[in-house]
Amino acid sequence: MSVVAEKVSNPFHVAQRQFDIAADRLHLEDGIRLKLRVPRRCLTVSVPFERDDGSWMVVQAHRVQHDVSRGPAKGGIRFHPNVTLDEVKALAAWMTWKCAVVNLPYGGAKGGIEVDPKALSLHELERMTRRYTNEIAIIIGPEKDIPAPDVYTDAQVMAWIMDTFSMREGFATPGVVTGKPISIGGSLGRREATARGCTVAIEEACKHLGRPLEGMTVAIQGYGNAGSIAHDLLHERKAKVVAVSDSHGGCHSARGLDPKVIQTFKNESGTVSGAPGTDRIGNRELLELKVDILLPAALEGQITEDNAPRIRPKILAEAANGPTNPDADPILHENGVFLIPDILANAGGVTVSYFEWVQDLSNYFWTEEEVNQKLETIMKRSFRDVLAISQEHHVHMRTAAYMLGIGRVADATRLRGLYG
Ligand code: NAD
């Protein structure tokens, strides 16, 4: 791969470019800039585990802590064959800015295992997860770094992490992970939180643009936790979701897709592609559909300078982390696309993770209404904060969100100074 191509597709280079654009706008001093451009700590481990046939397998895995000046590190764990250390570094940096945008007392982290989880049995997945937890246990903990679910990890994986960590400690330590099952210290509303926060941000964008959400057409790329629940919530609000997709392909119907029908079909067949009463559609094609709202909810690097000229929704709400490359941003902006950047659009997940951690540490649990209401308050306030910077400084919403997040982290870093 050429250096130029590598630079564009390497998520960490993307994250650094996004940082530089906002740092320039903030006139950030050199020292702070040097410190915040790179992660504080990267741990790479080899994880050995036994296959069901008795053979051994060893996978590479990472945990990266980008910054902890505002509080413990926080961020999900991803199981995917394309995980790389640079991807985890990018995702960790995005977590730092995201937590600061919604003003949570956290820094950013991320973890990943270079593995295809679909090729493992449930028992193999459990053994791998437990050994990975053991290997990274030296740097995680309720006061240090708190993992959560991400692509191809779920509440069950979090339960295994919580149990393994607790066994080492000798007592139940629910605050070590969020996104757990409710019965072991999970929070009501966490499962839906990413999609709910994204829906609140979309509603705020609609108000700002003076257009009702009701009747708007929507396309969603990715049909896991974020994408499928966004389908439910947008359908409830009478938006018309006309296309959805997953790693196998997508489906489309101009009449609109009923979430119950699509979810039942996916549960039975493993994909949304081929759902009854729909046409098949490819993932690339879905992004270029003429819709009012586009919701990428899968992986990074989906919108580039190549396809951006053909992507013209009124609102682009980035439920996924890093779906848009920096070269695509000015093209979208020029074409009048209103962007809700990932570090704002999907911040509902980490916000309710924060609520879960607070509930675990205080051993006092809230009702779902309380959780949802507090989430809505934070999402609305954060949307307003980012929009105000965008208007005041005449920058698009991504740069505005970065300016807000980086500004807060820079302030904490400056006040704390350098140790040693
Ligand atoms: P998930 O594992 O529940 O779902 C991922 C979905 O993406 C699946 O439907 C999968 O089939 C699909 N997918 C994978 N590769 C694809 C491809 N090439 N094209 C189209 N679809 C593809 O994961 P999730 O938790 O919903 O995460 C999705 C995105 O949202 C990620 O970028 C993640 O970092 C981000 N996110 C998730 C949370 C959370 O709380 N789960 C919070 C913030 C951000």
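This text goes with the structure placed above it.
Let me begin by describing the structure that accompanies this report. (Residues numbered from 1 in each chain as written. Predicted model: local features only at pLDDT ≥ 70, side-chain atom pairs only at ≥ 80, totals over all residues. Heavy atoms only, no water.)

### Re the site of the ligand
Residues in close proximity to the ligand total 22 residues, the closest being Asp 150, Tyr 152, Thr 194, Asn 225 and Asn 321. A distance of 2.8 Å separates an oxygen atom of the ligand from a polar atom in the backbone of Tyr 152. Here Ser 247 contributes a backbone N or O atom positioned 3.0 Å from an oxygen atom of the ligand. Across the complex, the protein chains shield 89% of the 830 Å² of accessible surface that the ligand would expose by itself. Put simply, the parts of the chain that give the shell around the ligand at least two residues each are α7 (190-209) and α8 (225-236). In the shell around the ligand, the residues fall into nine nonpolar, nine polar and four charged. (Near = heavy atom within 4 Å. Polar contact = N/O pair within 3.5 Å; in protein donor to acceptor, adjacent residues only side chain to side chain. Areas by Shrake-Rupley, 256 points an atom, 1.4 Å probe, with all protein chains shown as cover. Helix = DSSP H or I, 4+ residues; strand = E, 2+ residues; numbered from the N terminus. Nonpolar A, V, L, I, M, F, W, Y, C, P; charged D, E, K, R; others polar.)

### Let's talk about helix α2 (residues 11-26)
The periodicity of an α-helix, 3.6 residues per turn, causes residues three or four positions apart to be oriented the same way. Across its 16 residues, α2 extends 23 Å between first and last C-alpha, which sits within 8% of the 22 Å expected from 1.5 Å per residue. All buried positions along α2 are accounted for by Pro 11, Phe 12, Val 14, Ala 15, Gln 16, Gln 18, Phe 19, Ala 22 and Ala 23. Structurally, the start of α2 carries an N-cap: the backbone nitrogen of Phe 12 is 2.8 Å from a side-chain oxygen of Asn 10. Positive phi appears at His 27, one or two residues downstream of α2, with a value of about 50°. (Expected span 1.5 Å × (residues − 1). Buried < 20%, exposed > 50% of the residue type's maximum accessible area, 1.4 Å probe, protein only.)

### So, the pairing of strand β5 (residues 145-149)
Burial within β5 is extensive, with four of its five residues counted as buried. Note that strand β3 (residues 73-80) and β5 share five bridges and pair parallel. Each bridged residue has a counterpart across the sheet, and for Gly 75 the counterpart in β5 is Pro 147. (Pairing = 2+ DSSP bridges.)

### Quick look at the pairing of strand β8 (residues 249-252)
Here strand β7 (residues 240-246) runs beside β8; their pairing, made up of four bridges, is antiparallel. Bridging from a neighbouring strand, Ala 243 pairs with His 252 of β8. If you look at the hairpin formed by β7 and β8, you'll find two residues sitting between the two strands. Bridge count between β8 and strand β9 (residues 279-281): three bridges; the pairing is antiparallel. Its bridge partner being in β9, Gly 250 is matched across the sheet by Ile 281.

### Observations concerning helix α13 (residues 347-362)
For α13, with 16 residues, the first-to-last C-alpha span of 23 Å sits near the 22 Å given by 1.5 Å per residue. α13 sits mainly inside the fold: twelve of its 16 residues count as buried. Listed as buried for α13 are Ala 347, Gly 348, Gly 349, Val 350, Thr 351, Val 352, Ser 353, Phe 355, Glu 356, Trp 357, Gln 359 and Asp 360. Packed against the buried residues of α13 are β3, α4 (85-101), β5, α7, α12 (342-345) and α14 (368-393). Once α13 ends, the next one or two residues include Asn 363, with phi positive near 50°. (Contact = heavy atoms within 4.5 Å.)

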